[in-house]
Amino acid sequence: MAYEELKQEIIDYSKSIGIDKIGFASVDVFTELKSRLEQQQDLGYQSGFEKGSIEERTNPAKLMPEAQSIVSIALAYPSRLKDAPKSKKGERRGLFCRASWGKDYHHILREKLEMLAEFIAGKVYAFNYKSMVDTGELSDRAVAERSGIGFSGKNTTIITPEFGSYVYLGEMITNIPFPPDQPVEDSCGECTKCIDSCPTGALIQGGQLNAQKCIAFLTQTKDFLPDEYRTKLGNRIYGCDTCQLVCPKNQKKDFHLHPEMEPDPEVVKPKLIPLLSMSNREFKEKFGEIAGSWRGKKPIQRNAIIALGHYREESSVNELIRLMESDPRPVIRGTAAWSLGKIGTEKAFAAIEAAKQKETDEQVLFEMEKGLRFQTVYS
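Residues numbered from 1 in each chain as written. Predicted model: local features only at pLDDT ≥ 70, side-chain atom pairs only at ≥ 80, totals over all residues. Heavy atoms only, no water.

Chemist: Explain the side chain of Gln244 here, please?
Modeler: With respect to the helices, strands and loops of the structure, Gln244 is situated in helix α10 (residues 242-245). Its relative accessible area of 8% is what places Gln244 among the buried residues. In contact with Gln244, other than residues within four places in its own chain, are Tyr77, Asn155, Thr157, Ser165, Tyr166 and Asn250. (Helix = DSSP H or I, 4+ residues; strand = E, 2+ residues; numbered from the N terminus. Buried < 20%, exposed > 50% of the residue type's maximum accessible area, 1.4 Å probe, protein only. Contact = heavy atoms within 4.5 Å.)

What follows is the structure in structure tokens.
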């Protein structure tokens, strides 16, 4: 009974510090998840960003031997950008996904979990815990599903009855045997809108994702983007929201409950051309507080270059020529050459031909050839 009372006190306290949902789960091995992860590994569907072994990711006791329960939390984030600037000819803009709007959610949720831990420590002698947000070994979604935060949708996100899938997740393994909550019933039904709408076909079937094809993953890679995905990128420079935007459970879901999550329109929908000449310091000053900056400026700049090609933005030709001729990073030089070819002006093609004579990197030369092939498309 004492644990029931403590659980209710924690629930009440969580609301007072701005936690939108909280649930409690057992520390039993995540057997179904383990089987799915093994299958993902065998099929080569993993992103490579995963932390820990499959055993560690599915057995809480491997992470904390005295584990007795897991506390899961969710915070709702905005889905609509107020006063969004327009992307127009001469001033094309890129887009960061909604999960990267406002202050980096990792920091926000860790702060909430730490406040929760301090509260529990004041109630329980010898309290021990291990918290994690996104980058830990445990699957935030599996924990949230077991704890009743929401159900796991076909788009592989946790869908809550109140906030849809626009929630950040975090959890805390504890040495207290809290009574577990009941999972929420899956209500995707026969709907396959997310699967049908995925730009790259990364959603193989309901609940299974090939991360290697997912735009959200691809925007975070640092090498040349495979050709077949460049035309799918559009103006996305970090992440992808398509499978959430089409979900019926997300319609009319837009919550502005946390001031620190409010997006700066000029940060989350930035002009593309100025991005290309930013120093590391300038990039950090502008984007350093958002989650989408964690991989540094190179992937963002590569994606911005592809987006300019997507728009066939002629005002970017001079800047792209500068990058192609003098940037020290082969990925940036080569992608700029490809994008110049996609834009397709005479000046662009002439610049690629001239730069070819001085280029020594084989991959960059290959991209230059691809850029020049657009001449036959446009002629």
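From this point on, the discussion continues.
Chemist: Can you walk me through the sheet that holds strand β7 (residues 167-174) in this structure?
Modeler: Within a sheet, each strand pairs with its neighbour through backbone hydrogen bonds, oriented either parallel or antiparallel. Reading across from one edge, β1-β2-β7-β4 is the order of the four strands in this open sheet, with antiparallel pairing throughout. Each edge of the sheet is formed by a strand with only one pairing partner; in this case those strands are β1 (21-25) and β4 (129-132). Shown here is a sheet whose adjacent strand axes are inclined to one another by a mean of 20°, direction ignored. Contacts from helix α5 (residues 105-121) reach β1, β2 (69-76), β4 and β7 within the one sheet, and its direction differs from that of β7 by about 35°. (Pairing = 2+ DSSP bridges. Axes fitted to C-alpha atoms, helices over the stretch in contact; angles between N-to-C directions.)

Chemist: What is the right way to read the pattern of salt bridges from this model?
Modeler: Here the idea is simple: oppositely charged side chains can pair when their charged atoms come close. Evaluation of the coordinates by the stated rule reveals 17 salt bridges. Residues Lys7 and Asp181 are paired through a salt bridge, measuring 2.7 Å at the closest nitrogen-oxygen approach. Of this pair, Lys7 sits in helix α1 (residues 2-16) while Asp181 sits in the loop between β7 and α7 (193-197), and the two are 174 residues apart along the sequence. With relative accessibility at 24%, the residue Asp181 sits in the partly exposed group. As a salt-bridge pair, Asp327 and Arg329 come within 2.9 Å of each other at their nearest N and O atoms. Taken as a pair, Asp327 and Arg329 share a single burial class, namely buried. (Salt bridge = Lys/Arg side-chain N within 4 Å of Asp/Glu carboxyl O.)

Chemist: I'm lost on the pairing of β2 in this one. Help?
Modeler: Looking along a regular strand, one sees the side chains alternate between the two faces of the sheet. In terms of residue burial, β2 counts as a mostly covered element, since eight of its eight residues are buried. Burial along β2 is two-sided: Ser69, Val71, Ile73 and Leu75 facing one way and Ile70, Ser72, Ala74 and Ala76 facing the other are all buried.

Chemist: How should I be thinking about the packing of helix α14 (residues 297-311) against helix α16 (residues 330-343) in this particular structure?
Modeler: Pairs of packed helices are described in terms of their axes, by the angle between the two and the distance that separates them. In the contact formed by α14 and α16, the axes pass within 8 Å of each other and the chain directions differ by 10°. The pairing of α14 with α16 is recorded here as roughly parallel in orientation. Along the contact surface, α14 presents Lys298, Gln301, Arg302, Ile305, Ile306, Leu308 and Gly309, while α16 presents Val331, Ile332, Thr335, Ala336, Trp338, Ser339, Lys342 and Ile343. In terms of residue class, the contact of α14 with α16 is built from eight nonpolar, four polar and three charged. (Parallel < 35°, antiparallel > 145°, perpendicular 65-115°, else oblique. Nonpolar A, V, L, I, M, F, W, Y, C, P; charged D, E, K, R; others polar.)

Chemist: What am I meant to see in the packing of α16 against helix α17 (residues 346-356) here?
Modeler: Two numbers describe how α16 lies on α17: the axes approach to 8 Å, and their chain directions differ by 145°. Two packed elements cross with a definite hand, and for α16 against α17 that hand is left-handed. On α17, the residues that touch Ala337, Leu340 and Gly341 of α16 are Ala348, Phe349 and Ile352. A class-by-class count of the residues in the contact of α16 with α17 yields five nonpolar, one polar and no charged. (Left-handed = near helix turned anticlockwise from the far one by under 90°.)

Chemist: It is not clear to me how the UniProt feature "binding site: [4Fe-4S] cluster 2" (unreviewed entry) in the chain should be interpreted in this structure. Could you clarify?
Modeler: Here, UniProt's "binding site: [4Fe-4S] cluster 2" (unreviewed entry) annotation points to Cys198, Cys214, Cys240 and Cys243. In summary, the annotated positions, though distributed over 46 residues, converge in three dimensions, the widest C-alpha pair being only 10.6 Å. Note on placement: Cys198 falls in the loop between α7 and β8 (203-205). Along the chain, Cys214 falls in the loop between β9 (208-209) and α8 (215-218). On the accessibility criterion, Cys214 (16% relative accessible area) is buried. What Cys214 contacts, discounting residues up to four positions off in sequence, is Thr200, Ala202 and Leu209. (UniProt positions renumbered as here; feature names shortened; annotations may be inferred.)

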